[in-house]
Amino acid sequence: MHGRKKQTQPPSAEAVAALAKKAANYRKLSAIALAAKAAKKHDDATFAVVEKLLTVNPDVHTLWNFRKEMLLARAGDGGAVAVGPELALTAACLKKQPKSYGSWYHRLWAVRREPARAPAELELCAEFLKLDERNFHCWNYRRDVSRLAGESPADVLAYARGRLDANFSNYSAFHELAAHLPRTLDRETARRELDVARQALFCEPDDQSAWWYHADVLRRCEAEADLVDAEIATLRELRDLEPGSKWPALALLRLLLRTPRAATHVEVARLHADLRRIDPAHAHMYGADVPVI
Amino acid sequence: MAALSESASPEAAASPEAVFHDEKHASYLVAVSKNTEAIEFVLTEYMRMSGVYWGLTAMALLGRDVHKEMDGDAVVAWVLRCQHPCGGFGGGEGHDPHLLYTLSALQILALLGALDKCDGAKAAAYVAALQQGDGSFHGDEWGEVDTRFSYCALSSLAILGELWNRSPPLIDVAKAVDFVDRCRNFDGGYGAVPGAESHAGQIFCCVGALAIAKRLDLVDGTLLGWWLAERQCDSGGLNGRPEKQADVCYSWWILSSLTILGRSHWIDEAKLAAFILECQEGDGGGVADRPGNMADVFHTFFGIGGLSLLSWFDGTAYAGRPAIDPVFALPAPLVAELGLEASVCPRATASLLETWARARDEAKATPPPSP
Ligand SMILES: [Zn+2]
């Protein structure tokens, strides 16, 4: 349903026929699988049909459920489900459809039955997040297997920082850092995290990713007056370098409004006017009146 | 009365992009529901219940007689066949019950005035039994947890009239609220589970759940309103997360959340309407995710729903159609008729900057709970 280009020309007769055949075949197999599910049939032939359907259409929760039912029934009382084939199947499904809820959940279900496999799962996550660094399904799965593998918060943070080293435009990784920040930051931590954000901000001031993290770090170290003053100076510098950029102006204005001792009406008024000019779409969010300091 | 032809609509004269393909969308929605041989139809059979809900609601927003034009009696009979003995509904015949499709089924029955035809007590019991000790909800018996399911549960019980005034209560609303609150992030948004990244679809579910529970006081409206408003891209469309492409479906997830928070005016509403109109398929009808892409029923519903939330139809030849309710995603008159209650914030009078200037005097906003 996403990203399918409109056809400029009607599909050829062959293409239409091929799709119709695919649809008819899928429909036939699906009817067999659902009938077998209703009849609680767990034989090899049924197992194979369900697996085939899942590789074609990994989003069908009923078929994943049926596969679990069959695995549990076939393992028998006290028997263990073989986890390896589940990992192989879900890996294939996820390569085809990396955002398939059903595939990720089935994989988690399987790994929970054999937690010793969790460390290897972290490597699979690393592979998937190289292909799509923002895949939130994979980030969510990673958090689950990270717990199973007994990763420490430091391990988790090291991974997220590694992703940012590869590409600072990664909001998912900034989210991970922010989720681990304490409520208030000591000076050393605040300074370090502001540095992390700053590296990204100076490279690409129009990329939002780091700005949200920057705002959050500042919110957690507002009591550190000299840090805040230094940040105001930095933002004024960045703004001079990038006068047409919205985010440096917005971040500076936010900080000034929360730090009235450092603000003048003239500067606030200019930032307010600049924001309304650079980013007219958000004029109502900024408001018509210059905020009072 | 026959619908006005598109070329005669007043907005068409103003700007060629502002044409709304009213008739074509209606024919598209009818055609899609009947084209059961198509590969797209076959592959999405497992979630047909949601597809039918999108199609019916879109038709209702177009001011159509849903019962007549979408074969209401047959739809009701089919929905009832999808209810399992446990009370939950499957996405299609022979498919397993799930909270996602239970909500869609109840929404369809509500649209068609047939809620009393299903076993409502059993449906409510099914939903309630999926609540966990931490307040979260499993999607089904297999145990997946997601804040989408929290919304489905609260909305389903509200539609069934089983959320309040039951003694003892069917679910622990306070605990359900607590779980959603634990999913709040540094950016004011919400993810699927505690610790998960904010995402527009997830935010709608969490804000919607809190609205139904009347606990919007837990939302940081300034921070989240700002984050949601920054989803608007240069194209006018909205994206679902920072640095992602705009997509029509976020017109719904973001705009409904902003509306519930009283801050829909923090984006350029006219520009968003123009983006949605640009995503229409001019030939066959329907709305696509982005300009130049193929239409589908999901984006057609969210596109029309977005225009409805924007009150875009007012002042056009299509004025007087039912508005959509931002919390329950059903036509507002139906929500009123069913007596569904939710809290919605009044339109924020203070701008973001004024709030920032004021906040320094007050207790600073609490950061989200640590993991
Ligand atoms: Zn979309």
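Residues numbered from 1 in each chain as written. Chains lettered and ligands numbered in written order. Predicted model: local features only at pLDDT ≥ 70, side-chain atom pairs only at ≥ 80, totals over all residues. Heavy atoms only, no water.

Asks: Summarise the overall build of chain A; cite the residues concerned and give the values.
Replies: Looking only at helices and strands, chain A features 15 helices and 0 strands. Computed over C-alpha atoms, the radius of gyration of chain A comes to 26 Å, more than 25% over the 19 Å expected from 2.2 N^0.38 for 293 residues, which places it beyond the range of a compact globule. Viewed in the frame of its principal axes, chain A has a C-alpha envelope of about 75 × 55 × 30 Å. Counting all 293 residues of chain A, 51% fall into the buried class. Of the charged side chains in chain A, 44 are positive and 39 negative, and the gap between their average positions amounts to 8 Å. (Helix = DSSP H or I, 4+ residues; strand = E, 2+ residues; numbered from the N terminus. Rg over C-alpha atoms; globule rule 2.2 N^0.38 Å. Buried < 20%, exposed > 50% of the residue type's maximum accessible area, 1.4 Å probe, protein only. Lys, Arg positive; Asp, Glu negative; His and termini not counted. Charge placed at Lys NZ, Arg CZ, Asp CG, Glu CD.)

Asks: Hey, could you go over the packing of helix H4 (residues 48-61) of chain B against helix H6 (residues 72-81) of chain B for me, with residue numbers and the actual values?
Replies: Residue and element names in this part refer to chain B. Interaxial distance between H4 and H6 falls to 12 Å at its minimum, and their mutual angle equals 150 degrees. By the angle between their directions, the pair H4 and H6 is classed as roughly antiparallel. Here H4 runs over H6; the crossing is left-handed. Listed contacts from H6 to Arg48, Met49, Val52 and Leu56 of H4 are Val75, Trp78 and Val79. In terms of residue class, the contact of H4 with H6 is made up of 6 nonpolar, no polar and 1 charged. (Axes fitted to C-alpha atoms, helices over the stretch in contact; angles between N-to-C directions. Parallel < 35°, antiparallel > 145°, perpendicular 65-115°, else oblique. Left-handed = near helix turned anticlockwise from the far one by under 90°. Contact = heavy atoms within 4.5 Å. Nonpolar A, V, L, I, M, F, W, Y, C, P; charged D, E, K, R; others polar.)

Asks: Give a detailed account of the interface of chain A and chain B, specifying residues and quantitative values.
Replies: If you look at the interface, chain A gives 68 residues, while chain B gives 72 residues. Both sides together, the interface formed by chain A and chain B hides about 6600 Å², and carbon and sulfur atoms give 58% of it. Interface area lost by chain A to chain B is led by Arg4, Trp212 and Met285 of chain A, which between them contribute 11%. For the interface between chain A and chain B, the tally reads 4 salt bridges. Residue lysine 246 of chain A pairs with glutamate 230 of chain B through a salt bridge whose shortest N-O separation is 2.4 Å. Linking chain A with chain B are 35 residue pairs in polar contact (both at pLDDT 80 or more). Counting only elements with at least two residues in the side of chain A that touches chain B, the list comes to helix H1 (13-38), helix H3 (61-75), helix H5 (101-112), helix H7 (136-149), helix H9 (171-179), helix H11 (208-219), helix H13 (246-258) and helix H15 (283-286) of chain A. In terms of residue count, the dominant contributor to the side of chain A that touches chain B is H1 of chain A (8 residues). (Buried area = accessible area lost by both parts, 1.4 Å probe. Salt bridge = Lys/Arg side-chain N within 4 Å of Asp/Glu carboxyl O. Polar contact = N/O pair within 3.5 Å; in protein donor to acceptor, adjacent residues only side chain to side chain.)

Asks: For the coordination of the zinc ion, give the residues involved together with the corresponding values.
Replies: In the first shell of the zinc ion, the protein supplies His2 of chain A (NE2), Asp247 of chain B (OD), Asp247 of chain B (OD), Cys249 of chain B (SG) and His299 of chain B (NE2), at 2.0 to 2.4 Å from the metal. Of this pair, aspartate 247 of chain B sits in the loop between helix H12 (221-229) and helix H13 (249-260) while histidine 299 of chain B sits in helix H15 (residues 297-309); the two residues are 52 residues apart in sequence, bridging distant segments of the chain. Aspartate 247 of chain B gets classed as buried once you look at its relative accessible area, which sits at 4%. Using a relative accessible area of 0% as the deciding quantity, one classes histidine 299 of chain B as buried. (Donors = N, O, S within 2.8 Å, 3.2 Å for Na, K, Ca; no water.)

Asks: Would you mind going over empty space enclosed by the protein in detail, with residue names and values included?
Replies: Using the criterion set out here, one finds 5 cavities of 30 Å³ or more in the structure. Taken as a whole, the largest cavity spans an internal volume of roughly 80 Å³. In this structure, the largest cavity is lined by Trp211, His214, Ala215, Leu218, Trp247, Leu250, Ala251, Arg254 and Leu255 of chain A together with Trp226 of chain B. Those elements that place two or more of their residues in the lining of the largest cavity are H11 and H13 of chain A. Per-element accounting of the lining of the largest cavity gives the leading share, 5 residues, to H13 of chain A. (1 Å grid on protein atoms, 1.4 Å probe; cavity = no way out; pocket = protein on both sides within 12 Å on 5 of 7 lines; lining within 4 Å. Points joined across faces, edges and corners; volume = space filled by probe spheres on them.)

Asks: Could you give an account of unusual backbone geometry, naming the residues involved and the relevant values?
Replies: Residues and elements named next belong to chain B. In the segment running from serine 167 into proline 168, the intervening peptide bond is cis, with an omega of -5 degrees. Examined against the element boundaries, proline 168 turns out to sit in the loop between helix H9 (147-160) and helix H10 (173-182). With a phi close to 55 degrees, alanine 329 is a non-glycine residue in the positive phi region. Looking at where alanine 329 falls in the secondary structure, it is placed in the loop between H15 and helix H16 (332-338).

Asks: Tell me about the side chain of serine 156 of chain B, residues and numbers included.
Replies: Structurally, serine 156 of chain B can be placed in helix H9. If we ignore the near neighbours within four places in the chain, the residues touching serine 156 of chain B are Thr102, Leu103, Leu106 and Val127 of chain B.

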